[in-house]
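Residues per chain are reported as follows:
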Amino acid sequence: MVDYFWPAAKDRHLIGQRISRLDGPAKASGRAKYTYDLKPQRMLWGKILRCPHAHAKITSVDVSAAEKMPGVKAVRVIQGPGTEVKWALDEVVGVAATSEALAEEALRAIKVEYEVLPHFVNEANLAQAPKVDAGAEEVVGDPDAAMAAAEVKIKGTYGMPPVAHNCMEAHGQICEWTGADTMNAWCSTQAVAGVAGQFAEGLGIPAANVHVVTEYMGGGYGSKFSVDRWGVECARLAKLAGAPVKLMLDRRAEITVAGDRPSAYGEIEVGAKKDGTLVAWNSKSWASGGPGGSGDPPLPYVFQIPNRRRKHSSVPTNRASARAWRAPNHPQGAFLTMSALDDLAAALGMNPLDFFIQNLSITGVNEKVYREELQIADDLMGWRQRWHPRGDSAKGPIKRGLGLSLHTWGGRGHRSNCEVTLHPDGIAEAKLASQDLGTGTRTVIAIVLADSLGLPLESVKVSLGDSRYPASGGSGGSTTVGGVSSATRRAAQNLLAMIFEKSAPQLGVKPEELEAAEGTIRVKADHGKSLTWRQALAPFGQTPVTATGSNPGTGDLTSSGVGGVQMADVSVDVETGVVRINKVVAVQDCGLIIDLKTAESQVYGGMIMGISAALSEEKVLDPVTGQVLTTDFESYKMAGIADVGELVVHMMTGPGYDERGVIGVGEPPVISPGPSIANAVANATGVRVPFLPLNPRRVLDALEANAAKKKETA
């Protein structure tokens, strides 16, 4: 029986090194082809006519003029008369035409009439909501008595709006029928193996008859697990037209209907002893993610205060449903919790770093990790030397401050299967129906395969992005790297077991005395006794040797539960309200690191995404029309390279971390930028800006409200 394990540090030749993405040259040169780039022969352009109302009933649909237009090859009514539309830009009619311009002209020829119904889109003010789905109250300990006995306590209201995913490659696909019930689909998706079944279910054909390909895709961030109604309609248009159809969302539809991170608001009260020990928590929170309500952010976050009460309500709204947005519910939970705790530290007159360290005993299994990470972050930021109580006393309008936050995430590897084939020429190939979202999945698989077989990277090939390969889970929840690396490692070790069995008699030893290293099969105790790969493969003839591996499986190759800390250094112009990022430090645990370069890259990416949401991103909806107002990159503001400041990343590796196996790191780094930056702004100005994003208007409003309050109490 094979013993599955990760090699010890001394035996790793590629694992843990800084290795550039193998597909980097193809992407940088433009040779990499995304779904948006593909154009099969006879391809038609698909477009969708969308409802302009946030809530309406369709009373009539007339597509006759569009059907008669030259070049229009298919028209399909998606939602007909009598259908109730519950958000703006929902799909009504699909068309396919010989050019994009002609398809758009056909949409303008379609006549749809609506009975407009009342709508609600802005849940920030809970009192205005026509419906609230109140959750059950959860109580641990005796929060009332503990709060009454607390020597220092604060109350605050905090919140963050919905933000869009803004994938650079919009949602969409190309569908082509190859038979009456067989279809090819080139998709921009996070779930190559999963969407084939979704197409099949929507179209009423066998899942085995759907071939999905995603060689490259331009971002998903949790929004691209579903084929969606527009995907199925693309396939139907293709069948109706008898030709391939490409249907990609435009930016307006992408921002409006392709999902967002739900909002979150909370009224929070926290109490502590004079020495800073947390004793009590009360929270009333609410959020919305569309007609179905919202997720439930974990409150309190990270710190499990012994006496706590929480009640979370979901507020249905007339906007397209929310989707997973990198660490679902955690950015919301972190912002509400860390903002309140920072306010409590200020009321105690404590340095937040000391306050957080004092309460690490209630953070659970990551206590030791947080303690080590906070010390490293302190050194990298120079926190203790530079921190000051709230309100920078320096002269002039520019005020500087520091803030921090803690976060956690799961990250256990998902279900995955891998087939490894060793060809007679010594080239090894791994096949998985996984996908590389741009995070380096190809490279990680190649590193594991090469290191496991003792081969150089140029002697391995990774084939993924095809639903005909062994099934692998969708790329979400930071589960991909653990799943694909574990499956690849097991497949490689199974392959080696077969080869060792054949090679051992040739070298006069037992199979367990052999190893694969430096392009050979050799005796561990005597490297002079070895076989080239060609010699080792000779007993198998000219037939490639193939083995498979799966995750989960025996052996501790992946686990879950990581911790991370971030510190932010900001400057705030109190005359203009502009917040500038000077520096953000991230210290992150993710178990055994396969590729240090791409792991760090994931942290940088998460930090930038979190900084952008903290400073400027906001999906603004018009309460009168119910439509999204920020539907392009001019009105939907995202951070540029000049806005993110200096970013410092430190990965926790070595003894105490590597033994945990491979854990995903895509999600955790996006959680803490919002609260750490908001806390830094409070430290700089002496005033809490309670709602994200921290744009100039909100900063100036908070400063003005604080000045007015002081004037009233003077």
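No experiment lies behind these values; they were computed from the predicted model shown.

A. View of the pattern of salt bridges. Going through the model one piece at a time under the given rule, you end up with 37 salt bridges. The salt bridge partner of Lys47 is Glu100, with a shortest N-O separation of 2.9 Å. One end of the pair, Lys47, is in strand S1 (residues 44–50); the other, Glu100, is in helix H3 (residues 100–109), and 53 residues separate them in sequence. The exposure class assigned to Lys47 is buried, which follows from its relative accessible area of 12%. Of the residues examined, Glu100 reaches a relative accessible area of 33% and is grouped as partly exposed. Each member of the salt-bridge network shares a partner with another, and the members are Asp23, Lys27, Asp436 and Arg442.

B. Focus on the nonpolar core. With 95 residues, the main nonpolar core has Val270, Leu344, Phe355, Leu406, Met651 and Ile677 as its most contacted residues. Apart from residues lying up to four places away in sequence, Met651 is in contact with Gln588, Cys590, Ile593, Leu596, Ala599, Glu600, Val603 and Val665.

C. Up close: the pairing of strand S24 (residues 520–523). Where burial is concerned, the two faces of S24 agree: the one with Thr520 and Arg522 and the one with Ile521 and Val523 are both buried. Sheet topology note: the strand S23 (residues 514–517)/S24 ladder contains 4 bridges and is antiparallel. Across the sheet, Glu515 pairs through a bridge with Arg522, a residue of S24. Hairpin connection, S23 to S24: the antiparallel pair is bridged by 2 residues, and Glu518 has positive phi, about 50 degrees. Here S24 pairs with strand S25 (residues 526–532) via 4 bridges, running antiparallel. Across the sheet, Arg522 pairs through a bridge with Ser530, a residue of S25.

D. Summary view of empty space enclosed by the protein. Considering all chains together, one arrives at 3 cavities of 30 Å³ or more under this definition. Space inside the largest cavity adds up to approximately 90 Å³. If you trace the largest cavity, you find it lined by His171, Gly172, Gln173, Cys187, Ser188, Thr189, Val195, Lys224, Ser226, Val227, Asp228 and Trp230. Every element with two or more residues in the lining of the largest cavity is listed here: strand S11 (172–177) and helix H6 (228–241). Roughly 60 Å³ of internal volume is contained in the second largest cavity. Forming the walls of the second largest cavity are Met160, Arg261, Trp325, Pro331, Gly610, Ala613, Ala614, Val670, Ile671, Gly674, Pro675 and Leu692. Elements supplying a minimum of two residues to the lining of the second largest cavity: helix H15 (596–615) and helix H16 (673–685). With 3 residues, the single largest contributor to the lining of the second largest cavity is H15. Classifying every residue of the lining of the second largest cavity by side-chain character gives 9 nonpolar, 2 polar and 1 charged.

E. View of the environment of Gly645. Structurally, Gly645 is set in the loop between H15 and strand S29 (646–652). Its relative accessible area of 33% is what places Gly645 among the partly exposed residues. Sequence-wise, Gly645 and Ile608 are 37 residues apart; in three dimensions their C-alpha atoms are separated by 9.5 Å.

F. Representation of the sheet that holds strand S3 (residues 72–77) in the model. Taken in spatial order, the 7 strands make up an open sheet running S3-S5-S1-S14-S11-S12-S13, and their pairing is mixed. Strands at the two margins of the open sheet, each flanked by one partner only, are S3 and strand S13 (210–213). Sheet twist, expressed as the average angle between the axes of neighbouring strands with direction ignored, equals 20 degrees. Note: S11 against strand S12 (residues 183–187), 5 bridges, orientation antiparallel. Bridging from a neighbouring strand, Ile174 pairs with Trp186 of S12. Of the strands in this sheet, S1, S3 and strand S5 (91–97) touch H3, which is tilted by about 30 degrees from S1.

G. How the structure looks around unusual backbone geometry. A cis amide bond, omega -10 degrees, links Leu299 with the succeeding residue Pro300. Along the chain, Pro300 falls in the loop between strand S17 (278–287) and strand S18 (307–314). Here the bond from Leu692 into Pro693 is cis, since omega is -5 degrees, no more than 30 degrees from zero. Mapped onto the fold, Pro693 is located in the loop between H16 and helix H17 (696–713). Of note, the phi angle at Tyr221 is positive, near 55 degrees, even though the residue is not glycine. With phi around 55 degrees, Ser478 is a residue other than glycine that occupies positive phi space. By relative accessible area, which is 9% here, Ser478 ends up buried.

H. Main features of the environment of Val192. Note on placement: Val192 falls in helix H5 (residues 192–203). You can call Val192 buried: its relative accessible area is 0%. Remark: the alpha-carbon pair of Val192 and Thr421, spanning 229 residues in sequence, is separated by 21 Å. Apart from the residues within four sequence positions on either side, Val192 is in contact with Val212, Thr214, Ala433, Ser434, Gln435, Gly465, Asp466 and Ser467.

I. Spatial organisation of the packing of aromatic side chains. On inspection of all chains with the given rule, the structure shows 5 aromatic pairs. With 6.3 Å between their ring centres and 55 degrees between their planes, Tyr265 and Phe691 make a pair best called tilted. Highlighted residues: Tyr265 in strand S16 (residues 264–272) and Phe691 in the loop between H16 and H17, separated in sequence by 426 residues. What makes Tyr265 buried here is its relative accessible area of 8%. Ring plane angle 70 degrees and centroid distance 5.9 Å describe the contact between Phe355 and Phe356, whose orientation is recorded as edge-to-face. What makes Phe355 buried here is its relative accessible area of 1%.

J. The arrangement of the pairing of S17 in detail. Most of S17 is tucked away: 9 of the 10 residues are buried. Looking at chain direction, S16 and S17 are connected through 8 bridges and run antiparallel. Across the sheet, Ala272 pairs through a bridge with Leu278, a residue of S17. Where S16 folds back on S17, the antiparallel hairpin that results is connected by 5 residues, among which Gly276 adopts a positive phi of roughly 100 degrees. Pairing geometry for S17 and S18, over 8 bridges, is parallel. In the sheet register, Asn282 faces S18, and the bridge partner there is Arg309.

Calculation rules
- Residues numbered from 1 in each chain as written.
- Predicted model: local features only at pLDDT ≥ 70, side-chain atom pairs only at ≥ 80, totals over all residues.
- Heavy atoms only, no water.
- Salt bridge = Lys/Arg side-chain N within 4 Å of Asp/Glu carboxyl O.
- Helix = DSSP H or I, 4+ residues; strand = E, 2+ residues; numbered from the N terminus.
- Buried < 20%, exposed > 50% of the residue type's maximum accessible area, 1.4 Å probe, protein only.
- Core = buried A, V, L, I, M, F, W, Y, C linked by side-chain atoms within 4.5 Å.
- Contact = heavy atoms within 4.5 Å.
- Pairing = 2+ DSSP bridges.
- 1 Å grid on protein atoms, 1.4 Å probe; cavity = no way out; pocket = protein on both sides within 12 Å on 5 of 7 lines; lining within 4 Å.
- Points joined across faces, edges and corners; volume = space filled by probe spheres on them.
- Nonpolar A, V, L, I, M, F, W, Y, C, P; charged D, E, K, R; others polar.
- Axes fitted to C-alpha atoms, helices over the stretch in contact; angles between N-to-C directions.
- Phe/Tyr/Trp six-rings, centres within 6.5 Å; stacked < 30°, edge-to-face > 60°.

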